[in-house]
Amino acid sequence: QVIFGNRWRHLLGQREFWEHIGGIDICLDPSSFGQANTQAFNSLLRKLQKHVSHGSSVVDLYAGSGIIGLSLAATRKCRSVKCVEINKESELSFEKSVGRLPKTIDSTISWHNTDASLEPLHWLEGSDVVIVDPPRKGLHPSLIDALRNFALSEHKICQAPDGSIIKIKDEKRPWILCAREASVHVEGKTTWDKSQKWPSTLIYISCGWESFKEDSRKLLSSKAWYMEKAHAFNFFPGTQSIEVLAVFKCGPRIAQIKKKAKKKKTTR
């Protein structure tokens, strides 16, 4: 739904709007999506940050202006943060926000202007954590399929194997190859091991309760993922709308329970 149209003219005051949120300064312009209830959104970001280990490699799908990804780069010292967003107008805001990040951040940061649903395996590969913050309609079916397929692999590729049975086809289409290239790229100073791996943690931020329930059902029914935690946030007091932050882990829950029980037994 378009409310104000896709064009605007700067008449008065500062051209950009800046907010300090998630521990960083974020630039927003008229085309950027921002949360009206910044206090509740800050609470959500603080909770989210606790579920991302220091030094993780993160891919942020439906990234917008990069608020979530950049806040993790700053607060969790991520080795890499890859943001994927379909709205090309968000690029300039992202670039300006990167310019205000603390100079001490040693993280490889990139922003890609493309639709992540077109070749989701390409964006998932190489990350420890995948974050999705889709619109109310929820995740695209191709992304759900990709999340299920790699997690169900008999070689358990979600645990950083030496080789993967999932083959990402050789791409020859120039517009797809162009989308893979980062529109904004900042290289970190530290050289990290780039061995192949797949996400073991999925963090889902939802503003649509019905679509979230349906997406969760598909992820859980195959036992490719299990839900470890879920938190609800009231962004709009006086309404029935809630924002959900859910944390999924790769693999069936029963395997994780046995693993924890075995660990307790050996420590006694």
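Residues numbered from 1 in each chain as written. Predicted model: local features only at pLDDT ≥ 70, side-chain atom pairs only at ≥ 80, totals over all residues. Heavy atoms only, no water.

**So, the overall build of the protein**
For the protein, the count of helices and strands is eight helices and 10 strands. Taking all 268 residues of the protein together, 46% fall into the buried category. A fraction of 72% describes how many contacts in the protein between residues 6 or more apart in sequence connect residues 24 or more apart. Counting every atom, the protein has about 15,500 Å² of accessible surface; 53% of that belongs to carbon and sulfur. (Helix = DSSP H or I, 4+ residues; strand = E, 2+ residues; numbered from the N terminus. Buried < 20%, exposed > 50% of the residue type's maximum accessible area, 1.4 Å probe, protein only. Contact = heavy atoms within 4.5 Å. Areas by Shrake-Rupley, 256 points an atom, 1.4 Å probe, with all protein chains shown as cover.)

**Description of the nonpolar core**
The biggest cluster of nonpolar side chains holds 34 residues, and the ones touching the most others in it are L48 and I131. Contributions of two or more residues to this core are made by strand 2 (24-28), helix 1 (38-49), helix 2 (67-75), strand 4 (80-85), helix 3 (90-99), strand 5 (108-113), strand 6 (129-132) and strand 8 (201-206). Every residue in contact with L48, bar those within four places of it in the chain, is listed here: I68, L72, I131, I203, I205 and L245. V84, W123, L124 and V130 belong to the second largest nonpolar core, which has 26 residues in total. (Core = buried A, V, L, I, M, F, W, Y, C linked by side-chain atoms within 4.5 Å.)

**Looking at helix 7 (residues 209-221)**
Here helix 7 contains 13 residues, and its C-alpha end-to-end distance of 18 Å stays within 8% of the 18 Å for a straight helix at 1.5 Å per residue. In this structure, the buried side of helix 7 is in contact with helix 5 (141-151), strand 8, strand 9 (225-233) and strand 10 (243-250). K223 sits one or two residues past helix 7 and shows a positive phi near 60°. (Expected span 1.5 Å × (residues − 1).)

**Focus: the sheet that holds strand 9**
The strand order across the open sheet built from eight strands is 7-5-4-3-6-8-10-9, with neighbouring strands paired in mixed fashion. With partners counted over all chains shown, the strands left at the sheet margins are strand 7 (184-186) and strand 9, one partner each. Neighbouring strand axes in the sheet, compared pairwise and without regard to direction, differ in orientation by 15° on average. Of the strand pairs in this sheet, strand 5 and strand 7 are connected by three bridges, and their pairing is antiparallel. (Pairing = 2+ DSSP bridges. Axes fitted to C-alpha atoms, helices over the stretch in contact; angles between N-to-C directions.)

**Observations concerning the UniProt feature "binding site: S-adenosyl-L-methionine" (unreviewed entry) in the protein**
In the numbering used here, UniProt assigns the feature "binding site: S-adenosyl-L-methionine" (unreviewed entry) to Q35, Y62, E85 and D133. Relative to the assigned elements, E85 resides in strand 4. Beyond its immediate stretch of four places on either side in the chain, E85 contacts Y62, A63, G64, S90, W111, H112, N113 and T114. Mapped onto the elements of the fold, D133 is located in the loop between strand 6 and helix 5. In this structure D133 comes out as partly exposed when scored by relative accessible area, which is 22%. (UniProt positions renumbered as here; feature names shortened; annotations may be inferred.)

**Observations regarding the packing of helix 1 against helix 2**
Interhelical geometry of helix 1 versus helix 2 gives an angle of 55° and a closest axis separation of 11 Å. When the interaxial angle is binned, helix 1 and helix 2 end up oblique. Considering how the two elements wind past one another, helix 1 and helix 2 form a crossing that is right-handed. Contact residues: F41, L45, L48 and Q49 in helix 1; I67, I68, S71, L72 and T75 in helix 2. Here the residues of the contact of helix 1 with helix 2 are counted per class, giving six nonpolar, three polar and no charged. (Parallel < 35°, antiparallel > 145°, perpendicular 65-115°, else oblique. Left-handed = near helix turned anticlockwise from the far one by under 90°. Nonpolar A, V, L, I, M, F, W, Y, C, P; charged D, E, K, R; others polar.)

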